[in-house]
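A look at the structure
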Protein chains: 4
Amino acid sequence: MNGNSLGKAFKVTSFGESHGKIVGITIDGCPAGLKLDEQDIQRELDRRKPGESEISTTRKEEDKVEILSGVFNGFTTGAPICMLTWNKDINSSKYELIKHTPRPGHADYTAKVKYGNFNDYRGGGRFSGRITAGFVMAGAVAKKLLKKVLNIELIAYVTEIGGIKSKKISLEKIRENKEKTLVRCGDLETAEKMEKLILQVKSQGDSIGGIIECQAVNLPIGLGEPVFDTLEGDLAKSLFAIPAVKGVEFGSGFEVSRMKGSECNDPFILKNGKILTKTNHAGGILGGISNGMPIVCRVAIKPTSSIDQPQKTVDLVGKKEVEIQVKGRHDPCIVPRAVPVVEAMVALVLVDHVIRQELIKRILKP
Amino acid sequence: MNGNSLGKAFKVTSFGESHGKIVGITIDGCPAGLKLDEQDIQRELDRRKPGESEISTTRKEEDKVEILSGVFNGFTTGAPICMLTWNKDINSSKYELIKHTPRPGHADYTAKVKYGNFNDYRGGGRFSGRITAGFVMAGAVAKKLLKKVLNIELIAYVTEIGGIKSKKISLEKIRENKEKTLVRCGDLETAEKMEKLILQVKSQGDSIGGIIECQAVNLPIGLGEPVFDTLEGDLAKSLFAIPAVKGVEFGSGFEVSRMKGSECNDPFILKNGKILTKTNHAGGILGGISNGMPIVCRVAIKPTSSIDQPQKTVDLVGKKEVEIQVKGRHDPCIVPRAVPVVEAMVALVLVDHVIRQELIKRILKP
Amino acid sequence: MNGNSLGKAFKVTSFGESHGKIVGITIDGCPAGLKLDEQDIQRELDRRKPGESEISTTRKEEDKVEILSGVFNGFTTGAPICMLTWNKDINSSKYELIKHTPRPGHADYTAKVKYGNFNDYRGGGRFSGRITAGFVMAGAVAKKLLKKVLNIELIAYVTEIGGIKSKKISLEKIRENKEKTLVRCGDLETAEKMEKLILQVKSQGDSIGGIIECQAVNLPIGLGEPVFDTLEGDLAKSLFAIPAVKGVEFGSGFEVSRMKGSECNDPFILKNGKILTKTNHAGGILGGISNGMPIVCRVAIKPTSSIDQPQKTVDLVGKKEVEIQVKGRHDPCIVPRAVPVVEAMVALVLVDHVIRQELIKRILKP
Amino acid sequence: MNGNSLGKAFKVTSFGESHGKIVGITIDGCPAGLKLDEQDIQRELDRRKPGESEISTTRKEEDKVEILSGVFNGFTTGAPICMLTWNKDINSSKYELIKHTPRPGHADYTAKVKYGNFNDYRGGGRFSGRITAGFVMAGAVAKKLLKKVLNIELIAYVTEIGGIKSKKISLEKIRENKEKTLVRCGDLETAEKMEKLILQVKSQGDSIGGIIECQAVNLPIGLGEPVFDTLEGDLAKSLFAIPAVKGVEFGSGFEVSRMKGSECNDPFILKNGKILTKTNHAGGILGGISNGMPIVCRVAIKPTSSIDQPQKTVDLVGKKEVEIQVKGRHDPCIVPRAVPVVEAMVALVLVDHVIRQELIKRILKP
């Protein structure tokens, strides 16, 4: 049963395939009156565009966004916004191979069982990272809305690749440095090591994983709708929609399992008349609700499944074990290109909750 | 805006408060014809009941479930199933203290900002772990349905407490041992060490966190509805509804960030004519869809926020920093009691996806 | 698949059976801060209570509401409100008869096919008019919220019974008179004729249908979310949840099919600086959105299916045509008792749309 | 808050504007494996195309559908199907007039209040009948699925225009005749009178309303999900999404209000071993659930609001009453062109319920 919509107030619906005509998304629930043009979207889209560096795939996609509806005279109208990009650089020939021999680590096998022979397997179809172009389009609208309405800022960056960890550095530094590096890590020194590692695994026809951290600052207190639509829960759900994500954590995350209450509880303090917490092990969320501190989350990204090495799999028709080696134009490390996607997913969830909460709380105000 | 329902096909709605009249849940979407009586629910509920051991709270709650609707002559009717338990051992006096001085690590502050002075703060209200009694009731129905329809088995157990890690042991061993130990860890030797650690932090008026792992076996291939209602996404969302969860990961989880593709990709193999994967770094999920291997997920549980030590906070009325020490009847380590809750949440998501997928796929079958 | 929830922002979930333990409802999405006690609910519930007059069933139900959650210190908390009434005067013996011989006009047959032998057929189970007690409970909360927040008033009344039509009278007159008459018609003279007709069909062991009109005044302009969640669409959907409703129309309703555009278009006029329409053929809704004029809708109610006469049906076990005569305590005309239910359904939809619209429109206000 | 999606299992999302780039729709939840090409959609779309006869608007739109996603090798893949048509014959100049002087009977005023000056008023924007082109696209897929999976047939036809009523004729006759007449009425003699009436009101610059009846045959028993997602409720909601619909009724509809139970109850009978009802006052629905008899519903369509006569309205800027006369290319009677739209809406709801019910009922089958 359908699962291609996300959000309750700011609802997006994803569509399109990697090697089909288009990749797109519809937003239903964007308020009227937001200044918006294609450049706002294009800017974000360019950040995830393939073929931009030697650590990325060589597939060349212009990824030019086209807004088809919901914008009039440069402003959103309140009607659904449909946006898409036309696929251009398609070469599906090599995917004939995988029709019956699923690639390890990919969705080829599960999609085939789920959708039968009707599945559009070309280029991974719906399971391609290319689908996230739509996420980024919608995320661009969400980010602009968050910025305009509440001055909320979102920033994601790479903290770890193949075990190489970024030093703890300030948000200012990250903001300043991260887009200068191919790996989108704010710690310039470490960034260099990460790049080297990526080039090395690339030369082996292999790939490597990593960790992306995202922070959201200037959030109002009170976002999140317990007990099920918690901020953590909704963020995690949206982040797991990014192919390759295998773990999500908030604040001190898995580290909390090793802490005592006396260490983990963030004491409340007063600072310039504002209530803050001294530490932020909670990652800005208490009881599923934002507490005004920066939201901090991290996602674990697995190494790109597509590698240029022989791999064991099963021939589904011949019913026997075989070896395949799929040539393709794949990213040796998808982590840097996933950074704007992480921002997009976080933005989509936050804007949904801003609409759900900031508004409801006014209804019985005197 | 409302956030107390979970699931699309098997939809539960949670209600009740820690110190109100009741804690309950409604299931809408349970098919007619499932044999069900209160004992089926009670059995699971007893597993999370408080006051059962020296490592748990001393609050005494009988936690007797009452089925109010949806069951007739011992079978589900297809109508909504409403279940609840009446709160008995309520002592709200000590919560007057926290009305204006939020406890660190708790939702007192965020709830107060979100709901104003109308929030039912007694015993944590909607944010109490007690709310999970309702989750377990619904989960019991889900587990029975999964078992009956597809012979799916779910098992959760503690793998880590305060940094003390269980050895890797077989599922059989875990099944055999875990309920014998107070900490619900299948590795008996480690379980003993964990208990000691809990008693030690308890004696200090402190608390400790841990990790729970859950496996689901015998799943059909094809559960999960990409691109947003992935199995990982829906499981993560439901697991973050458990108070104190700060991280969720699948398969090799955060470890994948340090792996190469050639290590992380699980090769497909044939075993007795069935297609399996040799390893299970994917945790049974590829492209958001179950691949037939055991689903493996882990949740990080923070130490109980309630501790018997002085803590810094802010007096919201007096607008000044103060120190509080809340006496209460708290679990020094909530991890063991969260085990049946983890199973419940996983069961709720799986049964939802079983209904969504197992059925849709038949519609165009010849 | 589940269908027992209504509303997106103010979401109700119905549960309970006619001859089960209880009939109840849960509201998820009621804002915190509404003054509310059981008397607010009871007052509305008493209006649909059975056994109140000679034109109603003799089933005696105290219908005492109990609020189980979501209210604290006399105010809503923002948490789900669970309310129910315990069934008392149950006599299921005579329903054994209908287990295999479905009553014409009832849901016995369709429920049996849909839910199999698991259906709770006693007293009509989920298909009994008794289920609307829950609707009225939730509607009472909705009405109070509408009144308090926006001073919206709702009033339903009978305009036709068995072809006997009320004269067109003013809203003031209706308000003044309708609760004085057993049939809830504001036109006292006609009301008397209606009562006589009902007693006459009752004496024949028969039943009779009618029409209820409902008006909502003081609505803000802008409620309704096209293109699918139009005000008409959502109102109609909720009204068809009332057993026995077979038609819903707005404004001039079916009469518009016989009108010319020049007659049917309501001209805009200025009155005391406010924009109104001269006529109200549109029933207060244009393009699915409220236009500030009174919402006017009408529902057609079929005669009670339960009659004290022999009727033809089929013995589902013996597979042959038979005759049945079901004794019971049935309303010869359910229309008057359906009046508060119509108000409840309209209130539920309006409050949902008030939350959805009144709030969203503020988000980009300067 | 967003309202542009319909359906729970077969979910459509509408987008596009009358004078924007496109009008389109996305289907999420169409099972994989349905043979589908653009011709299947085009055939239905051509039936609602403007400019086809002298009783229709002279706007010329090719209305050529383009399928952008979800179809591969001629079959649906299970992924979202995005379809649209590019607007061609746009002339927005005359709509400048209505920016501040809302046309009576139109949504100009309510849309302006709801969305402010951001509303795309050109050609009615989202409120134009043109939006139903998207409904018909999705409906074409739904109709094909219903036909293929369950051999369900849908047929709508005009029964009344401006008070001129069709005789009762057989479904066979209707099927045979209705598309031969410009008004889509199966009664050829009456059709002629209707046409004459339309041409007459057209010559006066006026418009006229009518009634469309729709039947669905071969439905399985058991569709519909009480208590809120009843078949009547969901059908009514979807039908009110068609601009100009002001009433919806089922079976004997408003007539039931004048009937006695002994007349209105449809007796069950046995015919060739099948259980039918002798009459069909219920319109094929009992308790909100299909009973196997033909679903019969009727919608009241108001006269086209756009007329070529001076009308009174208010100048919103000048704040004074004025007169306008909007020239345009409008249908003097929209009823015939609404026929395929009614079929589309009914198809969308039925396919949603077929997926919801036909599947769930199998889950606990032995």
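Residues numbered from 1 in each chain as written. Chains lettered and ligands numbered in written order. Predicted model: local features only at pLDDT ≥ 70, side-chain atom pairs only at ≥ 80, totals over all residues.

Considerations on unusual backbone geometry
Cis geometry is adopted by the peptide bond preceding B:Val227, which originates at B:Pro226 and carries an omega value of 5 degrees. Positive phi values are uncommon outside glycine, yet C:Ala244 reaches one of about 90 degrees. If you trace the backbone, C:Ala244 turns up in the loop between α6 (231-239) and β11 (245-250). Of note, D:Asn151 is a non-glycine position whose phi angle comes to about 55 degrees, a positive value. (Helix = DSSP H or I, 4+ residues; strand = E, 2+ residues; numbered from the N terminus.)

Side note on the confidence of the model for chain A
Of the residues in chain A, 96% have a pLDDT of 70 or more, and the chain-wide mean is 93. Both scores are given for the predicted complex: the pTM is 0.97, the ipTM 0.97. (pLDDT = per-residue confidence, 0-100.)

Here we look at the relation of the copies chain D and chain A
After a rotation of 180 degrees and a shift along the axis of 0.0 Å, chain D superposes on chain A with an RMSD of 0.0 Å. Expressed as a symmetry operation, the mapping of one chain copy onto the other fits a two-fold axis. Relative to the rotation axis, the C-alpha of D:Thr13 is the closest in chain D, positioned 4.0 Å from it. (Least-squares fit on C-alpha atoms with pLDDT ≥ 70 in both.)

A word on the sheet that holds strand β8 (residues 153-161) of chain D
Strands in a sheet are paired, the pairing made by backbone hydrogen bonds, and the direction either parallel or antiparallel. Here 10 strands make up an open sheet; going across it, the order is β9(C)-β8(C)-β10(C)-β16(C)-β11(C)-β11(D)-β16(D)-β10(D)-β8(D)-β9(D) and the pairing antiparallel. A single partner strand is all that each edge strand has here, and the edge strands are β9 (164-165) of chain C together with β9 (164-165) of chain D. Sheet topology note: the β8(D)/strand β10 (residues 210-217) of chain D ladder contains eight bridges and is antiparallel. Bridge pairing in β10(D) links D:Ile161 to D:Gly210. (Pairing = 2+ DSSP bridges.)

Structural notes on the interface of chain A and chain B
On the side of chain B, 92 residues touch chain A, which itself brings 92 residues to the contact. Relative to strand β11 (residues 245-250) of chain B, strand β11 (residues 245-250) of chain A runs antiparallel, the two being bridged by three bridges. Looking across to β11(B), one finds that A:Gly247 is bridged to B:Glu249. (Contact = placed C-beta atoms within 7 Å.)

Some thoughts on the environment of B:Gly139
Residue and element names in this part refer to chain B. Mapped onto the elements, glycine 139 comes out in helix α3 (residues 132-150). Glycine 139 gets classed as buried once you count the C-beta atoms within 10 Å, which come to 30. When sequence neighbours within four positions are dropped, the list of residues in contact with glycine 139 reads Glu44, Glu343, Ala344, Met345, Ala347 and Leu348. (Buried ≥ 20, exposed ≤ 12 C-beta atoms within 10 Å, placed from the backbone.)

Looking at the interface of chain D and chain A
Counting residues at the interface gives 37 residues for chain D, matched by 37 residues for chain A. Elements supplying a minimum of two residues to the side of chain D that touches chain A: β2 (11-16), β3 (22-28) and β6 (75-76) of chain D. Top contributing element to the side of chain D that touches chain A by residue count: β2(D), with five residues. Partitioned by chemical class, the residues of the side of chain D that touches chain A number 13 nonpolar, 18 polar and six charged. (Nonpolar A, V, L, I, M, F, W, Y, C, P; charged D, E, K, R; others polar.)

Notes on the relation of the copies chain A and chain B
Screw-axis analysis of chain A against chain B gives a translation of 0.0 Å along the axis, an RMSD of 0.0 Å, and a rotation angle of 180 degrees. By residue overlap, the copies meet face to face through one surface: 100% of the interface positions of chain A are interface positions in chain B.

Considerations on the sheet that holds strand β1 (residues 5-6) of chain A
All names here are of chain A. Across the sheet, which stays open at both edges, the five strands sit in the order β1-β2-β3-β7-β4 with antiparallel pairing between neighbours. The sheet is open, and its two borders are formed by β1 and β4 (66-67), each paired with just one other strand. Pairing geometry for β1 and strand β2 (residues 11-16), over two bridges, is antiparallel. Across the sheet, serine 5 pairs through a bridge with threonine 13, a residue of β2.

Structural notes on the pairing of strand β17 (residues 311-315) of chain A
Regular strands show a simple pattern: their side chains alternate between the two faces of the sheet. Sheet analysis places β17(A) next to strand β18 (residues 320-324) of chain A, joined by five bridges and oriented antiparallel. Counted as the bridge partner of A:Lys312 is A:Glu323 from β18(A).

Notes on the packing of helix α6 (residues 231-239) of chain A against helix α6 (residues 231-239) of chain B
Taken N-terminus to C-terminus, the directions of α6(A) and α6(B) make an angle of 170 degrees; their axes are 8 Å apart at the nearest point. Comparing the axis directions of α6(A) and α6(B) gives the class roughly antiparallel. Only B:Gly233, B:Asp234, B:Ala236 and B:Lys237 of α6(B) make contact with α6(A), whose side of the interface consists of A:Gly233, A:Asp234, A:Ala236 and A:Lys237. (Axes fitted to C-alpha atoms, helices over the stretch in contact; angles between N-to-C directions. Parallel < 35°, antiparallel > 145°, perpendicular 65-115°, else oblique.)

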